[in-house]
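Letter by letter, the chains look like this.
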There are 4 protein chains.
Amino acid sequence: MIRIGLVGYGYWGPNIARVVAELETTELTAIADYSTPARQRAGRRHPSAHLLSDWRDLIKSADVDAVVVATPVDTHFDIAMAALKAGKHVLVEKPMADTSAHAAALVDEAARRNRVLMVDHTFVYTPAIQKIRALIDAGEIGDVYYYDSTRINLGLFQRDVNVIWDLAVHDFAIMDHLLDADPVAISASAAAFVPGSPENMAYLTVYHDDGTMAHLNVNWLSPVKIRQTLIGGSRRMVIYDDMQTSEKVKVYDRGAMVEGDPGYEHRVSYRSGDIWAPALSTKEALLTEMQEFVRCIETGARPLTDGLRGLRVVNLLAAASRSVRLRGQPIELVPLREAS
Amino acid sequence: MIRIGLVGYGYWGPNIARVVAELETTELTAIADYSTPARQRAGRRHPSAHLLSDWRDLIKSADVDAVVVATPVDTHFDIAMAALKAGKHVLVEKPMADTSAHAAALVDEAARRNRVLMVDHTFVYTPAIQKIRALIDAGEIGDVYYYDSTRINLGLFQRDVNVIWDLAVHDFAIMDHLLDADPVAISASAAAFVPGSPENMAYLTVYHDDGTMAHLNVNWLSPVKIRQTLIGGSRRMVIYDDMQTSEKVKVYDRGAMVEGDPGYEHRVSYRSGDIWAPALSTKEALLTEMQEFVRCIETGARPLTDGLRGLRVVNLLAAASRSVRLRGQPIELVPLREAS
Amino acid sequence: MIRIGLVGYGYWGPNIARVVAELETTELTAIADYSTPARQRAGRRHPSAHLLSDWRDLIKSADVDAVVVATPVDTHFDIAMAALKAGKHVLVEKPMADTSAHAAALVDEAARRNRVLMVDHTFVYTPAIQKIRALIDAGEIGDVYYYDSTRINLGLFQRDVNVIWDLAVHDFAIMDHLLDADPVAISASAAAFVPGSPENMAYLTVYHDDGTMAHLNVNWLSPVKIRQTLIGGSRRMVIYDDMQTSEKVKVYDRGAMVEGDPGYEHRVSYRSGDIWAPALSTKEALLTEMQEFVRCIETGARPLTDGLRGLRVVNLLAAASRSVRLRGQPIELVPLREAS
Amino acid sequence: MIRIGLVGYGYWGPNIARVVAELETTELTAIADYSTPARQRAGRRHPSAHLLSDWRDLIKSADVDAVVVATPVDTHFDIAMAALKAGKHVLVEKPMADTSAHAAALVDEAARRNRVLMVDHTFVYTPAIQKIRALIDAGEIGDVYYYDSTRINLGLFQRDVNVIWDLAVHDFAIMDHLLDADPVAISASAAAFVPGSPENMAYLTVYHDDGTMAHLNVNWLSPVKIRQTLIGGSRRMVIYDDMQTSEKVKVYDRGAMVEGDPGYEHRVSYRSGDIWAPALSTKEALLTEMQEFVRCIETGARPLTDGLRGLRVVNLLAAASRSVRLRGQPIELVPLREAS
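Basis of the calculations
- Sequence order as written defines the numbering, with residues in each chain counted from 1.
- To label them, take the chains in the order written and letter them from A, then take the ligands in the order written and number them from 1.
- Local features in this predicted model are restricted to residues of pLDDT 70 or higher, and side-chain atom pairs are both shown and tallied only at a pLDDT of 80 or more, whereas totals for entire chains, interfaces and linings draw on every residue.
- Just so you know, side-chain values use all the structure's heavy atoms and leave hydrogens and water out.
- Helix numbering and strand numbering both begin at the N terminus, where a helix is a DSSP run of H or I of at least 4 residues and a strand a DSSP run of E of at least 2.
- Relative accessible area decides the class of each residue, using a 1.4 Å probe on protein chains only: under 20% of the type maximum gives buried, over 50% gives exposed, and in between gives partly exposed.
- Note on definitions: a residue-residue contact is assigned when non-hydrogen atoms from the two residues lie within 4.5 Å.
- Accessibility throughout is a Shrake-Rupley quantity obtained with a 1.4 Å probe, and a residue counts as covered only by protein chains that appear here.
- Neither His nor the chain ends is counted toward charge; the positive residues are Lys and Arg and the negative residues Asp and Glu.
- Lys charges are placed at NZ, Arg charges at CZ, Asp charges at CG and Glu charges at CD.
- Strands are treated as partners if at least two bridges between them are detected by DSSP.
- Only the stretch in contact is used when fitting a helix axis, every axis being a line fitted to C-alpha atoms; angles between N-to-C directions are given from 0 to 180 degrees.
- When the copies are overlaid, the least-squares fit takes in C-alpha atoms only where the residue has pLDDT of at least 70 in both copies.
- Accessible area that two parts lose when put together, evaluated with a 1.4 Å probe and summed over both, is termed the buried area.
- A carboxyl oxygen of Asp or Glu within 4 Å of a side-chain nitrogen of Lys or Arg is what we treat as a salt bridge.
- Two N or O atoms count as a polar contact when they lie within 3.5 Å, although within protein this holds only if one can serve as hydrogen donor and the other as acceptor, and sequence-adjacent residues are included solely when both atoms are side-chain atoms.
- Here a helix's expected span is defined as the number of its residues, less one, multiplied by 1.5 Å.
- In this analysis, a patch consists of residues with relative accessible area above 30% that form no salt bridge, clustered at 9 Å for like charges and at 5 Å for the nonpolar side chains Val, Leu, Ile, Met, Phe, Trp and Tyr.
- Any residue that is not Ala, Val, Leu, Ile, Met, Phe, Trp, Tyr, Cys, Pro, Asp, Glu, Lys or Arg is counted as polar, Gly included; the first ten are nonpolar and the last four charged.
- By the definition used in this description, the sense in which the near helix is turned from the far one sets the handedness, with an anticlockwise turn below a right angle giving left-handed and a clockwise turn giving right-handed.
- Those domain boundaries reflect an automatic or database domain assignment.

K.L.:
Sorry, what's going on with the overall build of chain A here?
P.N.:
Counting its secondary structure elements, chain A contains 10 helices and 15 strands. Over its C-alpha atoms, taken along the principal directions, chain A stretches across nearly 75 × 45 × 40 Å. Here chain A holds 340 residues, and the buried ones make up 62% of them. Long-range pairs, those at least 24 residues apart, make up 66% of the contacts in chain A between residues at least 6 apart in sequence. Of the roughly 13,300 Å² that chain A leaves accessible, carbon and sulfur atoms contribute 49%. Each charge sign in chain A was given a centre, from 36 positive and 43 negative side chains, and these centres are 4 Å apart.

Written out as structure tokens, the structure is:
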């Protein structure tokens, strides 16, 4: 039984708490939030958990084996670092930290102390993304040509982060899981149309070392909500539409190929075959994710979404922010994956 | 009665010929195409038109007042320039020319000879785009924040031009018509996944002098066909979906606004009102366009899609190509609109 | 403050309990359910309510002013009748009773004792149906020609009732609210394809005294979920699609009309104007409904969905069942509305 | 080479003419139409065909081996009977005749003279319906439970026939091809909301000897165009949506089954597996159909849509009309299929 302490009971924290309480391998022993109404809500739902106003007390607690950090981004580093130093295992909300240096320091600290450091890239644990990963592994897609995502809606304007740190972070996490190539450069353009608010729309292009192209369209000021990702491959193509209830993932046996001698007298021909929407598990992603956290704590295994992955995503976010300031100037990325 | 000579009877030429034959103010007197089967097809449909294998003979003809050029892009300049020099009015397929220098030379020649030079930006004449322009003129949209277009399908791979010159040209023409701001820079990324073929997918961002953001997603290698443009404004937003038959243009009374003092303790609030799909005329765009050509020939008026507009679009295409070669490096644009 | 006792804490009861607890004008004083796990769930969510295993004890309680009956259909009559006889106001789940005689007896008893008898026709209180009613009242639709509803899905097979009593009941309640005409005959066909289960699909046609046609397609064995109602009128038509999130109600300025002398040399011409999706309130229907219950208890007013309406709907259900047994034979209906 | 004479060059005739002219095994030798403008249009497109104003002259012609009848329904019998008596093979527009007696007389005459009598049930030759038939033959669907079709739009009001004879005829033809059971009764309700015009909306239920249920919803006065057919089976379900361009046929691995002892303590469980949209041929249905006509003329084979099938469809139409007059009263059908 892993005893979990949760820091932050705002928007996402209650979901974490519910799953920790449901699982038979975890126990929710403490919840910290500086807000009194938040602690009252937490108490009504989880009467057996200790309620604390200061996260430092939670981290000191001997009743806590592992800490889940579900607070605003700019507090992640302080809390997670303190927890690691106190010998706790740590699961941090995405993005893992507000700067690459902070993220890297967390990775180092976890390695030094041999603690599990995991980042809450929830989409990686959804049945849809797991099915797409399985299709890629089985060679069904062939070489991945592109990843093209539209993630727009009339949305909650965040005050502390812009639309890239709020929405593109999901795609960076998914791409890091699905694409086998390393990003080598990123170009991003953004605009802020609501005065006094951070950027509310952005377009990002990520170049990879094998030529794979990734593109993200994120927007808080769209009249309609779209959550659609196209993945083009040499053998098949996939559309992942998260707004659909029954056909979230569709596989298209479609493509183009060259006949004859490329470059000379060639013809491009098309293949337009069957379309297939595989049935998906209905298991909740957060449940799968929490089980992974428990498994890694118990076995010492490296989590699927470990600190290094969290660091890579923060690096992309930071590079995107730099490119925005240079109006789309491509920013070269140091290949981190090999470094691991 | 304007006597029209048509050069090129391939993919688009037959549509031009049909409309010229239908109109009461025009007469199709000659058709030139170097291909014998093309001339045979033309002869069956338009038995009263002279059939010529060499466009030079068509341009020399005394029976031709105006020339429509519907040939591959790299031949536009030679044919159009010769026609202008022969004193003919000219309507050229889009894009107007293969280089900015060629496009500018055509504009100059037409001005010098006082001939009508018009470019076939067909979308500008569609009921959908005309309705959107009317909505903008009436102040219904407010300030335009962004133009975001997705124009993808499993498409005909062109041999002579890439996907930007084939598909993005439509959006450049539409933007030039709808947006009152001037483009100041463009950033474009592209990839070619079919060996020996030109770029088949591209992402383009266009920056404007008033902050309006434009973005284009064009792709010949998509599993599905999408023709969707979002236009975000300070008062309302528009979705133009050309794949819809009955609701091509939808107006959303939605947006976000700041309450209180911007930058300090402010709140962003949302407006989510009615949605409205105005009825659109069913008149064919090409018919409207040809009537505009006739009107300008008869009155000396400047066409809605005149040579200068054709030049501006070619400038954007050329700058996009430069940016692609620099992997998304933004290219500054000389403000042409003021120059006119 | 109205003190509410809830009988039945199964599928729908928890929603009632939540709304009663939320409202400032109601207090949830008692919950009765024969199932121990159900009472335990109820106790965790509503610790201040008395938990009873026998509904007879709840009805006897002096702490209860009004009773909400959320139990299986065949128990409605016994519980509601006992509650009325004990002087309580009563709100009953739909359908109000299992037979017309039972429903009529409840109406009589409530009238005799001057108690509020209300039926939980939830859809009547949805913003969508209220908007459509308002459009009809404003003359926007003109004469209603037809009501055509498709309510199908891969559904929960009920054991106690067939698909007509489970799904068509919603449309009967909506029709009773929206249509000003009286039903005069009903024809219904049904089939049972899962052995040992009640009818899982049915088609119903309801004829009205003014010629309005209503048709229902209900099915538990459809591959997809559809909740779509078309309402055709002489001036406009409406589509109510409950699966849509943002355009549940769409108004079409479309129709056909005769030009010239009807019956002789006439032409039918079409009108195809704007489409309009009015913004809808986001208020929960159950909340509106409970406020109506409170208002009627406090003022003695007749509820929008009173017992007589509940009786009319039960009459339609019973007649539909008879028609099914006669393989679609139309069943004449006694006009009840005038009788009120 | 089969020499074809076409009677009727109105709405559908030009399509027949085009296909006959395209095929290498047929020659369009004569076209008859009483309308002078129709003959002029025919002459421009088919200059080598003889143009006749009286169909009697076409039938007498020695240059005609087979006659295609594309005229209004109430003229089918006279023309087709005369053609058969003149020894011609005959292909008749659907519905084959205006009464069952007329249809039966044509079948008899064709049999007596050993001529091919074929009816133009075009949908039977579409790739979509052929794929569904193949799925049924392969046992993929299992037992067919129901056929549920919605065929509505804001439509062309016919003057001579009502919406049943105009639209339901398509479904009757499709059902006759897809369902192996025999219809035993039909119930139909209809309404006419445009004064002086025939019924513009109807609901039809067809009962079959094996319990298969069929239902048709046809309407000329719908705000939207829907062409959707659900086919439910014991193993899988199919949705055929003719408005879709790329997923016209979708196969759902979904259903319900009883676990345990039916009738006693049983549970209904659900299966929700993959969804699959098979690629369809792009061959034009009319081309396939005309090739079938030629094949049968050359080999003496019985056409897939022979006169008997045409008669069965007319019988259903006639029975539906009777039921409408009796306000939905079910009409028993004589089982014709066995008689063949």
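K.L.:
What's the story with the sheet that holds strand E3 (residues 50–52) of chain A in this structure? I'm lost.
P.N.:
Sheet strands associate in pairs through backbone hydrogen bonding, adopting either a parallel or an antiparallel arrangement. Residue and element names in this part refer to chain A. The parallel open sheet is built from six strands, whose spatial order is E3-E2-E1-E4-E5-E6. Looking at the sheet topology across the chains shown, the edges are occupied by E3 and strand E6 (117–120). Along the sheet, successive strands turn relative to each other by an average axial angle of 25°, direction set aside. Pairing geometry for strand E1 (residues 2–7) and strand E4 (residues 66–69), over four bridges, is parallel. Bridging across to E4, Val7 finds its partner in Val69. Sheet strands in contact with helix H1 (residues 13–22) are E1, strand E2 (26–32), E4 and E6, and its direction is about 150° off that of E2.

K.L.:
Sorry if this is basic, but what is going on with the relation of the copies chain D and chain C here?
P.N.:
Relating one copy of the chain to the other takes a rotation about an axis and a shift parallel to that axis. When chain D is fitted to chain C, the best match, at an RMSD of 0.0 Å, comes from turning it 180° and sliding it 0.0 Å along the axis. Interpreted geometrically, this transformation is the action of a two-fold axis. Using C-alpha coordinates, one finds that chain D approaches the rotation axis most closely at Gln329 of chain D, a distance of 2.7 Å. Take the interface residues of chain D: 100% of them recur as interface residues in chain C, which is what a same-surface contact looks like.

K.L.:
Can you help me understand the interface of chain D and chain C in this one?
P.N.:
Where interface size is quoted, it is often the accessible area lost as the parts come together. In this complex, chain D contributes 56 residues to the contact, which on the side of chain C involves 56 residues. With both sides pooled, the region where chain D packs onto chain C buries about 4,700 Å², and carbon together with sulfur makes up 64% of that total. The largest per-residue losses of area from chain D upon contact with chain C belong to Phe193, Pro223 and Arg327 of chain D, which jointly make up 15% of the total buried on that side. Seen at the junction of chain D and chain C, the total is two salt bridges. Close ionic contact of Glu332 of chain C with Arg327 of chain D constitutes a salt bridge, the shortest N to O distance being 3.1 Å. At the junction of chain D and chain C, the tally comes to 16 residue pairs in polar contact (both at pLDDT 80 or more). Elements supplying a minimum of two residues to the side of chain D that touches chain C: strand E7 (144–154), strand E8 (183–191), strand E9 (201–208), strand E10 (213–219), strand E11 (221–233), strand E12 (237–241), strand E13 (249–259) and strand E14 (267–277) of chain D. Examining the composition of the side of chain D that touches chain C, we find that seven residues originate from one element, E11 of chain D, more than from any other.

K.L.:
Please clarify how helix H9 (residues 307–325) of chain A should be interpreted in this entry.
P.N.:
Quick reminder: α-helices carry 3.6 residues per turn. Residues three or four places apart thus point the same way. Residues and elements named next belong to chain A. Given a rise of 1.5 Å per residue, 19 residues ought to cover 27 Å, and the 27 Å separating the end C-alpha atoms of H9 matches this to within 8%. Across the 19 residues of H9, 17 count as buried, placing the element largely inside the fold. At the exit of H9 stands Arg327, carrying a positive phi of roughly 50°.

K.L.:
Got a minute to help me understand a positive patch on the surface in this structure?
P.N.:
On the surface, a cluster of positive charge is made up of Arg41, Arg44 and Arg45 of chain A together with Arg41, Arg44 and Arg45 of chain C. Elements supplying a minimum of two residues to the positive patch: helix H2 (36–45) of chain A together with helix H2 (36–45) of chain C. Here Arg41 of chain A shows up in helix H2.

K.L.:
Whenever I open this one, the sheet that holds strand E3 (residues 50–52) of chain C confuses me. Can you help?
P.N.:
Residues and elements named next belong to chain C. Pairing is parallel in the open sheet, where six strands are placed in the order E3-E2-E1-E4-E5-E6. Of all strands in the sheet, those with a lone pairing partner are E3 and strand E6 (117–120), marking the two edges. Recorded for the sheet is a direction-independent mean angle of 25° between the axes of neighbouring strands. Its contacts with the sheet put helix H4 (residues 73–85) on strand E1 (2–7), strand E4 (66–69) and strand E5 (89–93), and the angle it makes with E5 is roughly 170°.

K.L.:
What should I look at first to understand the environment of Arg18 of chain D in this one?
P.N.:
All names here are of chain D. By the secondary structure assignment, Arg18 is in helix H1 (residues 13–22). Among the residues examined, Arg18 registers a relative accessible area of 32% and is labelled partly exposed. For the pair Arg18 and Leu286, spaced 268 residues apart in the sequence, the C-alpha separation amounts to 9.9 Å. With near-sequence residues (within four places) excluded, Arg18 lies in contact with His46 and Glu284.

K.L.:
Got a minute to help me understand the pattern of salt bridges in this structure?
P.N.:
Taken as a whole, this structure holds 88 salt bridges over all chains when the rule is applied. Between Asp253 of chain C and Arg271 of chain C there is a salt bridge; the shortest N-O distance is 3.1 Å. Placement of the pair is Asp253 of chain C in strand E13 (residues 249–259) and Arg271 of chain C in strand E14 (residues 267–277), with a sequence separation of 18 residues. Judged by its relative accessible area of 22%, Asp253 of chain C falls in the partly exposed class. Linked by salt bridges that have partners in common, Glu140, Arg236, Asp253 and Arg271 of chain A make up one network.

K.L.:
Can you help me understand the interface of chain B and chain A in this one?
P.N.:
If you look at the interface, chain B gives 56 residues, while chain A gives 57 residues. Per-residue buried area on chain B facing chain A is highest for Phe193, Pro223 and Arg327 of chain B; these three make up 15% of the total on that side. Taken together, the connections running from chain B to chain A amount to two salt bridges. Mapped onto the side of chain B that touches chain A, the elements with two or more residues apiece are strand E7 (144–154), strand E8 (183–191), strand E9 (201–208), strand E10 (213–219), strand E11 (221–233), strand E12 (237–241), strand E13 (249–259) and strand E14 (267–277) of chain B. Ranked by residues supplied to the side of chain B that touches chain A, first place goes to E11 of chain B with seven residues. For the side of chain B that touches chain A, the residue count by class is 31 nonpolar, 17 polar and eight charged.

K.L.:
When you look at the packing of helix H1 (residues 13–22) of chain C against helix H8 (residues 285–299) of chain C in this model, what are you seeing that I'm missing?
P.N.:
When two helices pack together, their arrangement is captured by the angle between the axes and the distance separating the axes. Residue and element names in this part refer to chain C. At a minimum axis separation of 10 Å, H1 and H8 run at an interaxial angle of 65°. For the pair H1 and H8, the crossing hand works out as right-handed. Contacts between H1 and H8 involve Asn15, Ile16, Val19, Val20 and Glu22 on the former and, on the latter, Leu286, Leu287 and Met290. Across the contact of H1 with H8, the residue classes tally to six nonpolar, one polar and one charged.

K.L.:
How should the domain arrangement of chain A be read in this particular structure?
P.N.:
All names here are of chain A. Under the domain assignment used here, chain A contains domain 1 (2–121 + 285–305) and domain 2 (124–282 + 318–332). Of note, the centres of domain 1 and domain 2, computed from C-alpha atoms alone, are 29 Å apart. Facing the 15 residues of domain 1 at the interface are 13 residues of domain 2. Together domain 1 and domain 2 conceal approximately 1,100 Å² of surface at their shared face, both sides included; 70% is due to carbon and sulfur atoms. Together, Lys94, His121 and Leu304 form the three largest contributors to the area buried by domain 1 at its contact with domain 2, with a combined 41%. At the junction of domain 1 and domain 2, the tally comes to zero salt bridges. The class makeup of the residues in the side of domain 1 that touches domain 2 is seven nonpolar, four polar and four charged.

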